[in-house]
Amino acid sequence: MLQVGDTIDGRYRVEAKLGEGGLAVVYRVERLQLGTVHALKVLKRDGRKIRERLFREGQLQGKLRHPNIATVTDIVEVEGRPGLVMEYVRGASLDELLWFEQLTLEQIDLLARGIIQGVAAAHRVQLIHRDLKPANVLLEVVDDSLTPKITDFGLAKALDEPSETQAGVMMGTPQYMPPEQIGDASAVDHRADVWSLGVMLFEMATGQRPFDGADLPGVLKQVMDNERPSVTDVNPHLPQRMVDAIEGALQLEVEDRIESTAELLRVWSGGEPLPDVGGFTTSALERMLERGGGREPSPGEVPMARSQRQEASTVDVSGLLPVALQNREAPVLVEPPQQSGTWAVWGAGALSLFGLVGGGVVLATVLAIWGVWFVLRDDPVAQTP
């Protein structure tokens, strides 16, 4: 564990610890020769899969240059573990802002356009994010406004390169992933990100997620059946252009969905100029700066804008072993649990076979995931960060 004042590679000095997740710690560091401030994400554990995915995240994110994407500037080694040096974002996440603030239409409009433009920039270089969600959007505080910056490209897929994801594996965050990603994350295209943006826009516009069941199987069923309220039922005051964008992005069939982020931005903006927000509330900006990105609401701390809800965590099902990642900074692969994994595989396999006989691949997938979750939910090994 790094301490304040420690130096890395003779080039960076640790100034503060910003946050910690199950797999990584994020520090604020200064580059000594330049006097510039950066964020440093360091893995808490090592392993081939974890190391490979972090390096890939750095390589992909380092190629992107856009005002709405958090840039990776360097890869370093810290005490034998890899670390990413990134642009330091002075603020917190969109997820945290949505917990505490009911945004105005102008604020929603401004933030949404920035987020869509950032994803569009990634798509222009043939890069799909595959894990878009409010927790992966940082908000930079500049004067009296916020600039969204997309981060965490750990699950990104380059369309012009062979897929590194095993066929038939589900990867992503269930509340935000499209139905086609549930069956096979390796086969999705840019329209998967359009769906995830639609979920985020719905959440920003209404204060609630369109898909938010009590457990993983419930969420997956909602997504696959597109069981959700109409955005106008939740917020009848939205402009029609916003309604059309959200509903168009959340079409179940890929062919019926808004075809690109450029088209999504066109529908969302409706030809309207960029809104004059007139500043976010002082309390919102102060809380953003206090948290600095990473603090969860304290026990008993009541959100201003929404009711209590479950954490939306990235899930990676590999070989029918689910991994509920607790780290919000970097969705990466984790070694599977050792004690009850055998029972989980047998149980999931039996349920999967039953699903194939009774209803096909989709039902088999849901039953398999449910079977593993049921066996491992109380396993202390599986829950160990």
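A short tour of the structure in this document, coming up. Everything numeric in this text was worked out from a predicted model, so none of it was measured.

Turning next to the overall build of the protein chain. Helix and strand content of the protein chain: 13 helices and 12 strands. Across the 385 residues that make up the protein chain, the buried fraction comes to 55%. In the protein chain, of all internal contacts separated by at least 6 residues, the share reaching a separation of at least 24 is 66%. Put simply, the protein chain shows about 16700 Å² of open surface, and 53% of that area lies on carbon and sulfur atoms.

This part is about the pairing of strand β2 (residues 12–20). Sheet topology places strand β1 (residues 7–8) next to β2; 2 bridges connect them, and they run antiparallel. If you follow Thr7 over to β2, its bridge partner there is Arg13. The turn joining β1 and β2, which pair antiparallel and follow one another in sequence, is formed by 3 residues; a positive phi near 60° is taken by Asp9. Judged from the 7 bridges that link them, β2 and strand β3 (residues 24–31) form a sheet pairing that is antiparallel. Bridge pairing in β3 links Glu20 to Val25.

Two side chains of opposite charge can pair, provided their charged atoms sit close to one another. One pass over the structure, following the stated rule, counts 18 salt bridges. Between Asp9 and Arg11 there is a salt bridge whose closest N-O contact spans 3.0 Å. The exposure class assigned to Arg11 is partly exposed, which follows from its relative accessible area of 22%. Between Glu227 and Lys221 there is a salt bridge, with the nearest N and O atoms lying 3.1 Å from each other. Judged by relative accessible area, Glu227 falls into the partly exposed class, the value being 39%.

To continue, consider the nonpolar core. If you look at the biggest cluster of nonpolar residues, it comprises 61 residues, and the most contacted ones within it are Leu94 and Leu97. Membership of the second largest hydrophobic core comes to 12 residues, among which are Tyr12, Val42, Val78 and Val85.

To continue, consider helix α3 (residues 105–124). Its 20 residues place the ends of α3 28 Å apart at the C-alpha level, agreeing with the 28 Å of an ideal helix rising 1.5 Å per residue. In the stretch just after α3, Gln126 is the one whose phi turns positive, near 65°.

What follows concerns the environment of Ala262. Here Ala262 lies in helix α9 (residues 261–269). On a C-alpha basis, the gap between Ala262 and Gln117 in space is 8.0 Å, while along the polypeptide they are 145 residues apart.

Moving on to the packing of aromatic side chains. In this structure the tally under the stated criterion is 1 aromatic pair. Ring centres 5.7 Å apart and planes at 10° place the aromatic pair Trp195 and Phe211 in the stacked group. Here Trp195, found in helix α5 (residues 191–206), pairs with Phe211, found in the loop between α5 and α6 (216–225); they are 16 residues apart in sequence, far enough to count as distant.

What follows is about unusual backbone geometry. For Asp9, which is not glycine, the phi torsion reads 60° and is therefore positive. Summarising the element assignment, Asp9 is placed in the loop between β1 and β2. Phi is positive for Gln126, which is not a glycine, with a value near 65°. Note that Gln126 resides in the loop between α3 and β7 (127–128).

For any two helices packed against each other, one specifies the crossing angle of their axes together with the interaxial distance. It is at 9 Å that the axes of α3 and α9 come closest, and there the two elements cross at 165°. The angle between α3 and α9 falls in the class roughly antiparallel. You can see that α3 and α9 cross each other, and the crossing is left-handed. The segment α3 lies against α9, with Ile108, Asp109, Ala112, Arg113, Ile116, Gln117, Val119, Ala120 and His123 engaging Thr261, Leu264, Leu265, Trp268 and Ser269. Each residue belonging to the contact of α3 with α9 can be placed in one class, and the counts come to 8 nonpolar, 4 polar and 2 charged.

Glancing now at the side chain of Arg228. Topologically, Arg228 is positioned in the loop between α6 and α7 (231–234). A polar contact of 2.9 Å, which involves the side chain of Arg228, links it to the side chain of Asn226. At a separation of 2.8 Å, a polar atom in the side chain of Arg228 contacts the side chain of Glu247. Other than its neighbours up to four places away in sequence, Arg228 contacts Phe202, Pro210, Phe211, Glu247 and Leu250.

Calculation notes
- Residues take numbers from 1 onward in each chain, read along the sequence in its written order.
- It should be noted that, the model being predicted, local features are given only for residues of pLDDT at least 70 and side-chain atom pairs only at 80 or more, the latter also being counted only at that level, while totals for whole chains, interfaces and linings use all residues.
- Hydrogens are left out, water is left out, and the side-chain values use all remaining heavy atoms of the structure.
- The secondary structure listing takes helices from DSSP runs of H or I that are at least 4 residues long and strands from runs of E that are at least 2 residues long, numbered from the N terminus.
- Each residue is assigned to one of three classes by its accessible area relative to the maximum for its type, calculated with a 1.4 Å probe on protein chains only: buried under 20%, partly exposed between the two thresholds, exposed over 50%.
- Any pair of residues with heavy atoms lying within 4.5 Å of one another is described as a contacting pair.
- Every accessible area reported is derived by Shrake-Rupley at a probe size of 1.4 Å, with residue values counting cover from the shown protein chains alone.
- At least two bridges found by DSSP between two strands are what make those strands a pair.
- Salt bridge, as used here: a side-chain nitrogen of Lys or Arg that lies within 4 Å of a carboxyl oxygen of Asp or Glu.
- To qualify as a nonpolar core, a set must consist of buried Ala, Val, Leu, Ile, Met, Phe, Trp, Tyr and Cys residues joined through side-chain atoms within 4.5 Å.
- Every helix has an expected span of 1.5 Å times one less than the residues it contains.
- Stacked, edge-to-face and tilted are the three classes for Phe, Tyr and Trp ring pairs, Trp counted by its six-membered ring, which pair at centre distances within 6.5 Å; planes under 30 degrees apart are stacked, over 60 edge-to-face, the rest tilted.
- All axes here are fitted lines through C-alpha atoms, helices being fitted over the stretch that makes contact, and every angle between N-to-C directions spans 0 to 180 degrees.
- Comment on the angle field: the value is read as roughly parallel under 35 degrees, roughly antiparallel over 145, roughly perpendicular from 65 to 115, and oblique elsewhere.
- The crossing is said to be left-handed when, going from far helix to near helix, the turn is anticlockwise and less than a right angle, and right-handed when the turn is clockwise.
- Amino acid classes used here: Ala, Val, Leu, Ile, Met, Phe, Trp, Tyr, Cys and Pro are nonpolar; Asp, Glu, Lys and Arg are charged; the rest, including Gly, are polar.
- Each polar contact in these results corresponds to two N or O atoms within 3.5 Å; when the atoms are within protein, one needs to be able to donate a hydrogen and the other to accept it, and residues that are neighboring in sequence are counted only if both atoms are side-chain atoms.

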